[in-house]
Amino acid sequence: MCGIIGIASKKLVTSNIIQSLKKLEYRGYDSAGIATIVNGEINEKKCAGRVENLEKMLFKSPSSGNLGIGHVRWATHGIPSHVNAHPHSSDEVSVVHNGIIENSNELKKNLEKKGYKFKSQTDTEVITFLLTDFLKDFDLVEAINKTLKTLNGSFALGILFKKYSNIVVGARRGSPLAVGYGPEENYLGSDSYALKSMTNKITYLEDGEVCLLTNNKIDFYNSKNKKINKEILTLSNDKHTAEKGDYKDFMSKEINEQNITAKACIKEYVDHLRKDINLYNFPINPLDINKIILIGCGTAYHSCVTAKYWFEELTNIPIDIDIASEFRYRKIKLNKKNLYIFVSQSGETADTFAALDLCKKNSVKTCSIVNVVESSIARSSDFVLPIHAGPEIGVASTKAFLGQMLVLYILAIKISEIRKEISKSDYEKKINDLKKLPDLIKNTLNYCQDNVPIIAKDFLKAKGAMFLGRGLSFPIALEGALKLKELSYLHAEGYPAGEMKHGPLALIEEGLPVVILAPKDRYFEKTISNMQEVIARGGKVILLTNEDNKVIRENVRFTLEIPVSNEHLTPFLMTIPLQFLAYHVASLKNCDIDKPRNLAKSVTVE
Ligand code: F6R
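Just so it is clear, the model here is predicted, and its values are computed rather than measured. (Residues numbered from 1 in each chain as written. Predicted model: local features only at pLDDT ≥ 70, side-chain atom pairs only at ≥ 80, totals over all residues. Heavy atoms only, no water.)

### Some remarks on the packing of aromatic side chains
Step number 1: On inspection of all chains with the given rule, the structure shows 9 aromatic pairs.
Step number 2: Plain terms: the ring middles of F282 and F383 are 5.2 Å apart, the flat faces sit at 85° to each other, and that makes the pair edge-to-face. One end of the pair, F282, is in the loop between β17 (276-277) and β18 (291-296); the other, F383, is in strand β22 (residues 383-386), and 101 residues separate them in sequence. Neither residue differs from the other here; F282 and F383 are each classed as buried.
Step number 3: Ring pairs connect the aromatic residues Y116, F118 and F129, which therefore count as one cluster.
Step number 4: Positioned above the aromatic ring of Y204 is the side chain of R379, whose terminal nitrogen or guanidinium carbon lies 3.9 Å from the ring centre. (Phe/Tyr/Trp six-rings, centres within 6.5 Å; stacked < 30°, edge-to-face > 60°. Helix = DSSP H or I, 4+ residues; strand = E, 2+ residues; numbered from the N terminus. Buried < 20%, exposed > 50% of the residue type's maximum accessible area, 1.4 Å probe, protein only. Lys NZ or Arg CZ within 6 Å of the ring centre and 35° of its normal.)

### A closer look at the domain arrangement of the chain
Step number 1: Domain boundaries assigned for the chain yield domain 1 (3-234), domain 2 (250-451) and domain 3 (453-606).
Step number 2: Taken over C-alpha atoms, the centre of domain 1 sits 43 Å from the centre of domain 3.
Step number 3: Listed as interface residues are 14 residues of domain 1 and, on the opposing side, 11 residues of domain 3.
Step number 4: Of the roughly 1000 Å² buried at the junction of domain 1 and domain 3 (both faces included), carbon and sulfur atoms supply 55%.
Step number 5: Taken as a group, Y26, Y29 and W74 account for 50% of the area that domain 1 buries against domain 3, more than any other trio of residues on that side.
Step number 6: At the boundary of domain 1 and domain 3, one finds 2 salt bridges.
Step number 7: Residue R50 pairs with D592 through a salt bridge whose shortest N-O separation is 2.6 Å.
Step number 8: Where domain 1 packs against domain 3, one counts 5 residue pairs in polar contact (both at pLDDT 80 or more).
Step number 9: Across the side of domain 1 that touches domain 3, the residue classes break down as 5 nonpolar, 5 polar and 4 charged. (Domains from an automatic or database assignment. Contact = heavy atoms within 4.5 Å. Buried area = accessible area lost by both parts, 1.4 Å probe. Salt bridge = Lys/Arg side-chain N within 4 Å of Asp/Glu carboxyl O. Polar contact = N/O pair within 3.5 Å; in protein donor to acceptor, adjacent residues only side chain to side chain. Nonpolar A, V, L, I, M, F, W, Y, C, P; charged D, E, K, R; others polar.)

### Notes on a positive patch on the surface
Step number 1: There is a patch of like positive charges on the surface, built from K146, K149, K224 and K226.
Step number 2: On the secondary structure map, K146 appears in helix α5 (residues 140-150).
Step number 3: Since its relative accessible area comes to 37%, K146 is described here as partly exposed. (Patch = residues over 30% accessible without salt bridge, like charges linked within 9 Å, V, L, I, M, F, W, Y side chains within 5 Å. Areas by Shrake-Rupley, 256 points an atom, 1.4 Å probe, with all protein chains shown as cover. Lys, Arg positive; Asp, Glu negative; His and termini not counted. Charge placed at Lys NZ, Arg CZ, Asp CG, Glu CD.)

### A short note on the sheet that holds strand β6 (residues 93-101)
What holds strands together in a sheet is hydrogen bonding between their backbones, with the strands either parallel or antiparallel.
Step number 1: Spatial strand order, β5-β6-β7-β8-β12-β13-β14: 7 strands in an open sheet with antiparallel pairing. The open sheet terminates on both sides in strands that have one partner only, identified here as β5 (88-89) and β14 (227-228).
Step number 2: With 2 bridges connecting them, strand β13 (residues 218-221) and β14 associate as antiparallel partners. Directly across from F220, in β14, lies its bridge partner I228.
Step number 3: Sheet strands touched by helix α4 (residues 125-134): β5, β6 and β7 (153-161). Its angle to β6, the strand with the most contacts, is close to 130°. (Pairing = 2+ DSSP bridges. Axes fitted to C-alpha atoms, helices over the stretch in contact; angles between N-to-C directions.)

### Focus: the pattern of salt bridges
Step number 1: Under the counting rule described, the total for this entry stands at 39 salt bridges.
Step number 2: In this structure, the salt-bridge partner of E257 is K253, at a minimum N-O distance of 3.2 Å. Like K253, E257 is buried.
Step number 3: A salt bridge links K399 to E257; the shortest N-O distance between them is 2.6 Å. Linking K399 in helix α13 (residues 399-418) with E257 in the loop between α7 (250-256) and α8 (258-269), this pair joins segments that are 142 residues apart in sequence.
Step number 4: Using a relative accessible area of 0% as the deciding quantity, one classes K399 as buried.

### Concerning the pairing of strand β1 (residues 3-9)
Step number 1: For β1, a buried count of 7 out of 7 residues is recorded, marking the element as mostly surrounded by other parts of the structure.
Step number 2: Where burial is concerned, the two faces of β1 agree: the one with G3, I5, I7 and S9 and the one with I4, G6 and A8 are both buried.
Step number 3: Alignment of β1 against strand β4 (residues 67-73), held across 6 bridges, turns out to be antiparallel. For I5, the partnering residue across the bridge sits in β4 and is G70.

### Considerations on the side chain of S190
Step number 1: Assignment of secondary structure puts S190 in the loop between β10 (185-189) and α6 (192-195).
Step number 2: Judged by relative accessible area, S190 falls into the buried class, the value being 2%.
Step number 3: Within the local environment of S190, its side chain forms a polar contact with the backbone nitrogen of I4, the two atoms lying 2.5 Å apart.
Step number 4: Sequence-distant contacts of S190, that is, excluding residues within four places in its chain, are made with C2, G3, I4, L24, R27, P176 and L177.

### Topic: the nonpolar core
Step number 1: Counting residues in hydrophobic clusters, the biggest one holds 89 residues, and the most contacted among them are F282, I292, F311, I341, L385, F459 and F467.
Step number 2: The dominant element in this core, judged by the number of residues it contributes, is α13, at 13 residues.
Step number 3: A domain-level breakdown of this core finds at least three residues from each of domain 2 (250-451) and domain 3 (453-606).
Step number 4: Filtering out sequence-adjacent residues up to four positions away, I292 remains in contact with F311, I317, P318, I319, D320, L339, I341 and I415. (Core = buried A, V, L, I, M, F, W, Y, C linked by side-chain atoms within 4.5 Å.)

Laid out in structure tokens, this is it:
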């Protein structure tokens, strides 16, 4: 997490740095700062809170300079405060950092012995002083590489030097860093999204590489201080806009455009004329797959849980699902006949990337399902299946979840067809049903606009909430609970409905909101029995079921109805009311919808 920007220009850079930091705020928003070189001196301005605060500060006390670095922080070491905000500067050097320096305590002790005085509790300040120290004896690139070799952990860095006052330096290990080429100026950014408004010509630093930016050239070096060349890439011209438009926040925009997300994704993969799914150059012959392992974090993991049900129903391939932060450290026997699928909206999640890296090192087949096609995960996997959702800015994932599920579902159908585990007519029917999905989503969105806000009021005084479902509705219950907790800070649990009696039923008390996901599927009667058990104990039930479903509604506080569809498509529709619910509860509680506390969009630390 944390966002970094750097610009070396012929013009003043402060305003462009601020604009880019606003774009990067989804990565961290507890403090912000900027450093420029003014009259040969490092000029640092920083504050706790949002970029908005920094902007106000700069309005009162402007900062000039033709080159500079900026940062938005997601705290790891040290509380969010002015003193812990980046940049961290000495008289000679100013540093912004994304990542974690694992040996910072030890390094700090050594530097203190040498007389360096630390102001902050961050792990970053050691980098400032190490650079300051090495610069006494070495030239620029050598001093940087000596510093980097001293550091354990992960980092992307933006650095200014008083002595080299026309250069912005970038360096990375573990955390991503993009480098952009502009007209009479060059850039550094934590991701290409931050640079997109300024350039579409970029390259990415690889681990151990360093770049030196001036306003008219960029030099790259490897860890042995040798100059290297890098390929320049042209960024895809994103058809989807990253602006809020008339929406109050990005999240409501992103929820409400899910019919478009589905349409765009289906268009990329499904050929309705030939009644077929396009899947060229897949890295492993589906007939040879021994097992599929689906790996992700948070909401992306929930899409993996959903996909397990689809794959198991449509194919005979054994499926494992794993949380990336667990997968990467377990003693797992990786098998060359298995397919390892990594799901990540950002494509930069550190745990997911590390799990992928482990697979790469063991030469097993990998495929990634990502939204950001230029991301590290996409670039490192054998095969990429983009979800085509367009930029997702709200920290809570909504349309990307839908896109992840959709690609996984499409993949399950295609693999099943290749393996002849589904009949031709069933295959074509599933493709036909997919065509109807965007409209079903649109109808559900319209329905939720009118019917969910009133339900949200009921959650205001609640101590917590539960979400229960069976089969394909179980992962959606998990996702509903996650959305509610991250947005409204209300404790919420998602459970398989059948598991309640094994413990969680003890939580049910008079007035506790319990969302029951009971579409008309094979589990329906069983889920309704579980609902009765909740009602009998005083739970306030919100029933989510299908239209025209004649269920007993006695003692059910609210019923929400999603359209009837092919059973496999219900997760896409069931998710929507739960996203709306979390959104409205959070709005009523005046929470920051797009930037929930303590979170960040791109989780690039462990
Ligand atoms: C929740 C949410 C997170 C992410 C998780 C993985 O709304 O957004 O749980 O799903 O941090 O992120 P990606 O998909 O970028 O790997």
